[in-house]
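Chain and residue survey
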Amino acid sequence: MFNFSSDQNIKDFEMLLIIRKAELLLADKASKKQFNTPIHLGIGQEAIAVGISKNLQKSDFIFGNHRSHAHYLALGGSLFKLFAEILGKSDGCSGGKGGSMHITSPENGFIGSMPIVAGTIPIALGGALTCKISNNSSISVSYFGDGAAEEGVFHEALNLAAIMELPILFVCENNLFSSHLHISERQPNHEISRFAIANKIRYLAMDGNNLNEVEKESKKLISEIRQTRKPGFIEAFTYRLFGHVGFEVDEMIGYNRKKDLEIWSERDPVKNFSNYLVSQNDSPVEMIFEIEKKVSLYVESEWQRATEADYPSVTDLDKNVYYEAKI
Amino acid sequence: MKYVEAIRQAIDDSLSKQEKLVVLGQGVWSPFYVGSSMDGLESKYGRQRVIDTPVSENGVTGLALGAAITGTPALVIHPRMDFMILAMDSIVNAASKWRYSLNYKSPIPLTIRTIINRGGEQGAQHSQALQSWFSHIPGLRVVMPSSPSDAYQLLIQSLESPDPVIFIEDRWSYDEEEEFEIKTAYPPLSEEKPKLITKGNDLTIVSTGFSTNLCQKALIDLKEEKITVDLIDLRVLQPLHTEIILESIKKTGKLLVVDAAWKNSGISAEIISNVCESGFAYLKKSPIRITLPSSPAPTSTILEQVYYTNIEEIKESIFNLTENSKR
């Protein structure tokens, strides 16, 4: 377990850094072929999950997608279990049978992720139905990207959420890319929140690379959903600094990417927040270095532990296909 | 009790017994979509628990899965199997794999009820019998009742199952009648297997759903013929249990499979394969399959009469296999 600072700002920075350094480590290990499972890195998008998770509770139901390391970690999912999962170990969060694209941490509210684009959006609606029936203040959260708006079920889900009055937060991480295609090559309009308007769902658009903004803005909408028991929609604009899948930056892929990468690197959410901390005066640059060092050590030691964990027994192959009563 | 009344009764009794169970689907408030199988349930249990939905097959099925994995048992109804094809992502990618890929250990109380609506000049997209597709998928349980008592019992068991169930009804079975006793408890669905309906020595017939009704009628017609038959109603297509079929083949050495669906890669082929793999030495004759012709369903009644399996066709195959000269 990581020993987080009691200072809220520093704790947030530590969380951003854990996610960033964990994914950078994965990129490095993938480049050295230390595992094969496809990894979809969210480097550059960390502030969205960290900001939103600060307003979520353990009793909420959160659903991810193929690019969900940050969603999982920001909610408190174990880094060791994530690494072990990616390495195909039985200690992995999904027993080594899911890999990077099927991760779960139900004790922290992260019900699960699956890689079919938009596939978990309707499942999150079901979580919201449970919340509605339970008559408490819990909500469901569905994370997806701009590409999901090109799937039919996304539109089914927005309509269903509105007409059934379900307490769900839709979070569109608009990183301007679906795989290799820039949004301008796929949609006539860059704003996914236009579909929230069409379905009479309250929405907020925000700078997804600014942790403070994400936290503050999402707080308003989330507390509204908790009270009104009706859906809400966040569109957080961001940029994927790595390629769609794997360890490469994919500089030459997609419309205008090389130039955009320069612009968006300046808006890096981790750099952003570290600058903010320094500007607050109470966090000198030396302290930032200390935190970075502490996080690096933690991430590397969790990786080391995961590499030492056991692989599943081959007799587990056909286990857990159907329900197995607990003995 | 009629078959359709048994379905209604099972849903009524389950809603009464399982306080959290919800029923969702297109047309559950309407008398047109699901016959009389939902009559009165909306007013008895309220629109919070019996929920008529927009068409959105994939969205609603995903929603039902999400409800099931967050603590709300769900029955989702697709009034026509053809339309359920739009829910394949939620069924095949999500529901069947949620347990395995995410190391999920809790029950997934999800039942997907669907109706094969053949005949009536409804044509190719209001008639398909796709039981073989679903039976291909590990993680699903596929159930096809042929009698009112089975319709009741298997639906109760499906709604108590900890695994996703595809519950397939045939509209042509709806008027089947049978007196039977309703029990207060049934064994788990996982213990259900194919069932011997009639006992005999000359031939083994294995059939599914409505085809079993046809076979029963054919055997009544043949009462004077001194042919005795083991008629086995398959009931549970996935996971498939073939022990009773193999036992019967040891005795009769002859096999007829009747499945009112297409032949190629169908469940009828699966039955014959199993018998060839495990009981080849007992076979005295080549097995015969009676299935639909390899074409979509037509509308014209003249063509429908040729398209759908009839009792005469079954009788002829029984004669062929038992070499009875009285034709």
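Being a predicted model, the structure only gives us computed values, none of them experimental.

Points about the environment of Arg-194 of chain A
- Inspection of the secondary structure assignment puts Arg-194 of chain A in helix H7 (residues 194–198).
- Along the backbone, Arg-194 of chain A and Leu-73 of chain A are 121 residues apart, and their C-alpha atoms lie at a distance of 30 Å.

Focus on the pairing of strand S9 (residues 229–233) of chain B
Residue and element names in this part refer to chain B.
- A large share of S9 lies buried, amounting to five of its five residues.
- Going residue by residue along S9, you find Val-229, Leu-231 and Asp-233 tucked away on one face and Asp-230 and Ile-232 tucked away on the opposite face as well.
- Bridge count between strand S7 (residues 195–198) and S9: three bridges; the pairing is antiparallel. Considered in S9, the bridge of Thr-198 is made with Leu-231.
- Here strand S8 (residues 203–207) pairs with S9 via five bridges, running parallel. Residue pairing for S9: Leu-203 is matched across the bridge by Val-229.

Topic: the domain arrangement of chain B
Residue and element names in this part refer to chain B.
- By domain assignment, chain B separates into domain 1 (3–185) and domain 2 (195–322).
- Just the C-alpha atoms count here: the centres of domain 1 and domain 2 sit 26 Å apart.
- Taken together, the contacts link 25 residues of domain 1 with 24 residues of domain 2.
- For the side of domain 1 that touches domain 2, the secondary-structure elements that each account for two or more residues are helix H7 (131–135), strand S5 (141–143), helix H8 (148–159) and strand S6 (165–170).
- For the side of domain 1 that touches domain 2, the leading source of residues is H7, giving four residues.

Considering the interface of chain A and chain B
- If you look at the interface, chain A gives 31 residues, while chain B gives 29 residues.
- When residues of the side of chain A that touches chain B are traced back to their parent elements, those giving at least two are strand S2 (110–112), helix H5 (121–134) and helix H6 (152–163) of chain A.
- No other element matches the nine residues that H5 of chain A contributes to the side of chain A that touches chain B.
- Taken together, the residues that form the side of chain A that touches chain B break down as 17 nonpolar, twelve polar and two charged.

A short note on the nonpolar core
- Leu-16, Leu-125, Leu-169, Val-171 and Ile-234 of chain A together with Ala-64 of chain B are the most contacted members of the largest nonpolar core, which totals 186 residues.
- Considering each element in turn, this core owes the most residues, nine residues, to helix H1 (residues 8–31) of chain A.
- A domain split of this core shows at least three residues from each of domain 1 (3–185) and domain 2 (195–322) of chain B.
- Those residues within four positions of Ile-234 of chain A in sequence are excluded, and the remaining contacts are Leu-169, Phe-170, Val-171, Cys-172, Tyr-203, Leu-204, Met-206, Ser-218 and Leu-221 of chain A.

Brief notes about the sheet that holds strand S4 (residues 110–116) of chain B
Residue and element names in this part refer to chain B.
- With mixed pairing, the seven strands of this open sheet are ordered in space as S2-S1-S3-S4-S6-S5-S10. Across the chains shown, the open sheet's two edge strands, defined by having one partner strand only, are strand S2 (50–52) and strand S10 (236–238). The average angle at which neighbouring strand axes cross in this sheet is 20°, direction not considered.

Considerations on the environment of Ser-296 of chain A
Residue and element names in this part refer to chain A.
- In this fold, Ser-296 is placed in helix H11 (residues 285–308).
- The partly exposed category is assigned to Ser-296, around which 15 C-beta atoms lie within 10 Å.
- In sequence terms Ser-296 and Lys-97 are 199 residues apart; their C-alpha atoms lie 27 Å from each other.

The rules behind each value
- Residues numbered from 1 in each chain as written.
- Chains lettered and ligands numbered in written order.
- Predicted model: local features only at pLDDT ≥ 70, side-chain atom pairs only at ≥ 80, totals over all residues.
- Helix = DSSP H or I, 4+ residues; strand = E, 2+ residues; numbered from the N terminus.
- Buried ≥ 20, exposed ≤ 12 C-beta atoms within 10 Å, placed from the backbone.
- Pairing = 2+ DSSP bridges.
- Domains from an automatic or database assignment.
- Contact = placed C-beta atoms within 7 Å.
- Nonpolar A, V, L, I, M, F, W, Y, C, P; charged D, E, K, R; others polar.
- Core = buried A, V, L, I, M, F, W, Y, C linked by C-beta atoms within 7 Å.
- Axes fitted to C-alpha atoms, helices over the stretch in contact; angles between N-to-C directions.

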